[in-house]
Structures are given as structure tokens and as C-alpha cells.
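# Architecture and fold: a report
The residues making up each chain are set out below.
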Amino acid sequence: MLNIKSAESCQYDIISMGEIMLRLDPGDGRVRTTRQFQAWEGGGEYNVARGLRRCFGKRAAVLTAFVDNEVGRLLEDLVLQGGVDTQFIKWADFDGLGVASRNGLNFTERGFGLRAAKGTSDRGHTAASQLTVDDFDFEHIFGTLGVRWFHTGGIFAALSEGNAQLTIEACKIAKKYGTIVSYDLNYRPSLWKSIGGQAKAQEVNREIAKYVDVMIGNEEDFTACLGFEVEGVDESNITGLELDSFKKMITKAVEEYPNFKATATTLREVHTASDNDWGALCWHDGEFYPSVNREHCEIFDRVGGGDSFASGLIYGFMEFNDPAQAVEYGAAHGALAMTTPGDTTMVTKEEVAKLVGGGSARVDR
């Protein structure tokens, strides 16, 4: 069992640290030809806290930064609509141009059939990428207020040298106060490129890994970020016999990092953008726990599916402290989240529980 602090002893169940961008979604169309966008908020780390708040009813907050202009206030409003506490958001002055600091934009189309989902980020010089270890009082957050679970990830850590050091410091102090630390490796070569590439990614992530209790990532993440090789794995997915190789790699990883209490990965095979096989695998205390594998799931918008898996997994550990239940809640929440638009969940806890229990898509009346 994970040694999770009681809800009564903490002000927050979950705090995430990461950048939140304004997602501009062309709906059924393409970014390059659209005449209108739907606005959402989203971020790999934030989506996890929001999922725990909106779907599972947990007390959540986010550590991030916005520029204080109309776009920043729109992002704040979207976060508030998600029920996530905004008291730790840092506000940067707007210089009128966005040269010194700006809010990140993410133009993302969902894809359909043979046309893959496609994202184009516009996140240079963002307020969140300029955060440093001086911006948050982690002793107060984790030591005085109390936090049961802290989540962050490799997307945020890759945005700048300052973010990398900030992530290390946050994980270190969270660990000091007995907060469970989860980390999604989420390797993005394009992000690490500007601060030292894969070598820097391994340097930073191997240091962060020393303080992580629950490590989340697929085979590429573990290879690129931590240097563990998976024998005979196709670069696009893990299926069949390749799963045994992935298990061997996880076994090596937990031997090198005995602080890992659990690891987890999603298992996705892409037939088309709209047709994916979907499942998950969790390791805990020497045993592997696979979720139900759902073949040919119909996908409406895949972006954020992995983050919703993470929030369901965390809920499962918080609520049941059972890896078998946790991986099922994670896989079910991720599957349902991909049936709606936007990065963040629109799912209810009852819908997740129904799917975990074997329920179908038959109409509820």
C-alpha cells in the first residue's frame, strides 16, 4: 500500500505544477483553413489535477504562471470553471507586446480516420517557462498547508533550465513532508532541444526520479528520459510479446530506483485517429496489474487521454489503495475522456465506476 496522508491532515488532496496553455480548437476542421476556434485550457500536468477535481471531487490546486492581460485572465477563468484553486498562480506584468513574457497557445486539431491529430504549440517566452525556485514557498505548501499528492511532469521540466531546477526542488520538498510524488515523463524531443537535448533530458529526469513514488511513462519515455532500453519494441506501440520486454525494463527501472512504489503506462494501438485499442499496465510491489484492454475504442479527441488516465490512477490509489482498482479507474477514465472535445475531462465519477464495473454505452434514462 502507498503511505498516503489522510485527507484530514492536509488542505489539498492534489497539487499539480505545470504550464497551462490556451488551446484553440478548429472542431471538425483544420487549423490551416478554419475561420473559428473553440477555446479550452489544457496542460499535461494541470489536466491531472483538474480531472481529480471535476470528475472525482478531490481538492485541487495548480502551480503555474500567467501574464496579466486578457488572455491570462481568460485562462484563469477557465481554471476557475474547473474548480481548481488558483491561489498559487504567479502573475507576470504585461509589457504590451509579449516580448518579455506571454501566455502559451496550443493550436490542436482532433484528427479523423486516416488524418492524425495534430498540435502546433506557440509557447516561446511564456510566463510559466520563466518560473524559478524563488517563486513558490514549498515549505509552506507541503509543510504547513499539507498536500496528499503532488503531480508534475517532463513537459514542464523541459521548458527551461529554471523549470528543470524548480521541478527537482518541488519533488524534493514534497517528498520531505511525506507527500506522494507522481511524475509523467512525457518526453517531447522538441522541448528538450533548446536546453541540451536528450542528454539534458536524462540528466534532469534521472535526478527527479530519485524523489518519485509513482512514475508514469511509455517505453519511449523510459528509454529517452531514464536510459532504460526495451528489447524488440516497435516504436509506435506495445502489443503481444513486446509487453514482456516492457515488463523486464520496468523491473530494471525499479531495481535502480527502489523509491518507485508504482509505475504505470497506457497501452495504445492506433488503427486510425478514430479507432484505437486502449488499455494500461501498472506495476506495484513486484506485481504487474493490467487493465481491461478495450479494442477498437471510438475516439472523438485523443488529446488529454493519458492525463485522464493519470488522474483516474491517482484516484484509485487515493480511494482504494489498490493497484488493480487504480489501473482500471485510470484506463476507464482515459477512455471516456477521449469521447469528448478538449484536453480536460467532462466525465463523472459514476460513469467511470460504471465502465470499471463492466457497464456498456446503453442509454441512461
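Residues numbered from 1 in each chain as written. Predicted model: local features only at pLDDT ≥ 70, side-chain atom pairs only at ≥ 80, totals over all residues. Heavy atoms only, no water.

In the annotation of an unreviewed UniProt entry, the entry for the protein reads 2-dehydro-3-deoxygluconokinase, and the organism field reads Oceaniferula spumae. If you open the UniProt record of the protein and go to Sequence similarities (unreviewed entry), you find "Belongs to the carbohydrate kinase PfkB family." (UniProt positions renumbered as here; feature names shortened; annotations may be inferred.)

A word on the overall build of the protein. Along the backbone of the protein there are 12 helices and 15 strands. At 19 Å, the protein has a C-alpha radius of gyration in line with the 21 Å of a compact globule built from 365 residues. Principal axes of the C-alpha set define a box for the protein whose edges measure 55 × 50 × 45 Å. Looking at the protein as a whole, 57% of its 365 residues are labelled buried. Long-range pairs, those at least 24 residues apart, make up 71% of the contacts in the protein with a sequence separation of at least 6. Here the protein displays about 15500 Å² of accessible surface, and carbon together with sulfur accounts for 48% of that area. Within the protein, the 53 negative side-chain charges are centred at a point lying 2 Å from the centre of the 37 positive side-chain charges. (Helix = DSSP H or I, 4+ residues; strand = E, 2+ residues; numbered from the N terminus. Rg over C-alpha atoms; globule rule 2.2 N^0.38 Å. Buried < 20%, exposed > 50% of the residue type's maximum accessible area, 1.4 Å probe, protein only. Contact = heavy atoms within 4.5 Å. Areas by Shrake-Rupley, 256 points an atom, 1.4 Å probe, with all protein chains shown as cover. Lys, Arg positive; Asp, Glu negative; His and termini not counted. Charge placed at Lys NZ, Arg CZ, Asp CG, Glu CD.)

Okay, the pairing of strand E9 (residues 147–153) next. In terms of residue burial, E9 counts as a mostly covered element, since 7 of its 7 residues are buried. The sheet contact formed by strand E1 (residues 12–17) and E9 spans 4 bridges and is parallel. Across the sheet, residue Ile15 finds its bridge partner in E9, namely Phe150. (Pairing = 2+ DSSP bridges.)

This next bit is on the packing of aromatic side chains. Counted according to the given criterion, the structure contains 13 aromatic pairs. Relative to Phe320, the ring of Tyr315 lies with its centre 6.2 Å away and its plane at 85 degrees, an arrangement referred to as edge-to-face. The exposure class assigned to Tyr315 is buried, which follows from its relative accessible area of 4%. A centroid spacing of 5.4 Å and a plane angle of 45 degrees characterise the contact between Phe320 and Tyr329, whose relative ring orientation is tilted. (Phe/Tyr/Trp six-rings, centres within 6.5 Å; stacked < 30°, edge-to-face > 60°.)

Here we take up unusual backbone geometry. The phi torsion at His296 lies on the positive side, around 55 degrees, for a residue other than glycine. Along the chain, His296 falls in strand E15 (residues 294–298). For His296, a relative accessible area of 46% corresponds to the partly exposed category. Phi is positive for Asn321, which is not a glycine, with a value near 50 degrees.

With that out of the way, let us pick up the sheet that holds strand E7 (residues 105–109). Overall, mixed pairing links the 4 strands, which are arranged E3-E2-E7-E8 in an open sheet. A strand with exactly one partner marks an edge of an open sheet, and here the two such strands are strand E3 (38–42) and strand E8 (118–122). The average undirected angle you get between the axes of adjacent strands in this sheet is 25 degrees. In this structure, E7 lies alongside E8, joined through 5 bridges in antiparallel fashion. The residue bridging Leu105 from the neighbouring strand is Asp122, located in E8. Against the sheet, helix H2 (residues 70–81) contacts strand E2 (21–25) and E3, and its axis sits at roughly 85 degrees relative to E2. (Axes fitted to C-alpha atoms, helices over the stretch in contact; angles between N-to-C directions.)

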